Amino acid sequence: QGHVADDDVRQVRRRERMTRWLLIFLKYPTPGKVKTRLAKTLGARAACEAYRTCVETTLDRVAGLHRETQLWVDPPDAMARTRRWLGRRWAYRPQRGRGLGARLRHATSRAFTEGAHRVVVIGTDSPWISEREIKQAFAALQEHDLVIGPSRDGGYYLIGLASPTPCLFEG
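Below you will find a few notes about this structure. (Residues numbered from 1 in each chain as written. Predicted model: local features only at pLDDT ≥ 70, side-chain atom pairs only at ≥ 80, totals over all residues. Heavy atoms only, no water.)

This part takes up the pattern of salt bridges. Going through the model one piece at a time under the given rule, you end up with seven salt bridges. Among the salt bridges present, the one from Glu 49 reaches Arg 52, with a minimum N-O distance of 3.6 Å. Placement of the pair is Glu 49 and Arg 52 together in helix α3 (residues 44-61), with a separation of three residues, close to one helical turn. Judged by relative accessible area, which is 44%, Glu 49 ranks as partly exposed. Two residues, Glu 131 and Lys 135, come together in a salt bridge whose shortest N-O distance is 3.9 Å. Here the residue Glu 131 and the residue Lys 135 both occupy positions in helix α6 (residues 131-140), the gap between them amounting to four residues, near one helical turn. Given a relative accessible area of 22%, Glu 131 falls into the partly exposed group. The partly exposed category is assigned to Lys 135, whose relative accessible area is 39%. (Salt bridge = Lys/Arg side-chain N within 4 Å of Asp/Glu carboxyl O. Helix = DSSP H or I, 4+ residues; strand = E, 2+ residues; numbered from the N terminus. Buried < 20%, exposed > 50% of the residue type's maximum accessible area, 1.4 Å probe, protein only.)

One number sums up the size of the largest pocket: a volume of about 920 Å³. What lines the largest pocket is a set of 27 residues, and nearest its centre among them are Lys 35, Leu 100, Gly 123, Thr 124 and Asp 125. Here the lining of the largest pocket gets four residues from one element, more than from any other, and that element is strand β6 (residues 156-161). Its residues assigned to classes, the lining of the largest pocket shows 13 nonpolar, seven polar and seven charged. (1 Å grid on protein atoms, 1.4 Å probe; cavity = no way out; pocket = protein on both sides within 12 Å on 5 of 7 lines; lining within 4 Å. Points joined across faces, edges and corners; volume = space filled by probe spheres on them. Nonpolar A, V, L, I, M, F, W, Y, C, P; charged D, E, K, R; others polar.)

Structurally, Thr 108 is set in helix α5 (residues 100-113). Only 3.3 Å separates the side chain of Thr 108 from the backbone oxygen of Arg 105, close enough to count as a polar contact. Not counting the four nearest positions on each side in its chain, Thr 108 is found in contact with Leu 23, Val 119, Val 121, Leu 161 and Phe 169. (Polar contact = N/O pair within 3.5 Å; in protein donor to acceptor, adjacent residues only side chain to side chain. Contact = heavy atoms within 4.5 Å.)

In structure tokens form, the structure reads like this:
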């Protein structure tokens, strides 16, 4: 009887992973196109390397969630280059829309349309983020419609949704 319960728990956990999606927004690291404010001090190449390190560190820290993760790539024509850089382990999607709000609206809407029940979005500017924090966000979405990981600058490093909320990304 204990084996049946264990199997049931594993099935619930598997379904849980399939219906929760982690969307990671990233840019292909091109000098002069990433970390442009930092580049004013460090130079475009050094800033690009810093960004590359942030992406790789973020992905290393959330690697245990790779089955429920999609990497949303900008620019869309860098999909193949990004796959060569980061490997085939990840699912890749092109970012669509003018401006971050439109791209977030598009990605989250697609996730829900394609079967997600909970969606968490992060970028690659917070390489300290952990699987534990992301799992906490997913858990909070069981009881809340919206979860935000606030940044000191007034923005956020994580946003989680329990249902499509396109108006959230307007303005």
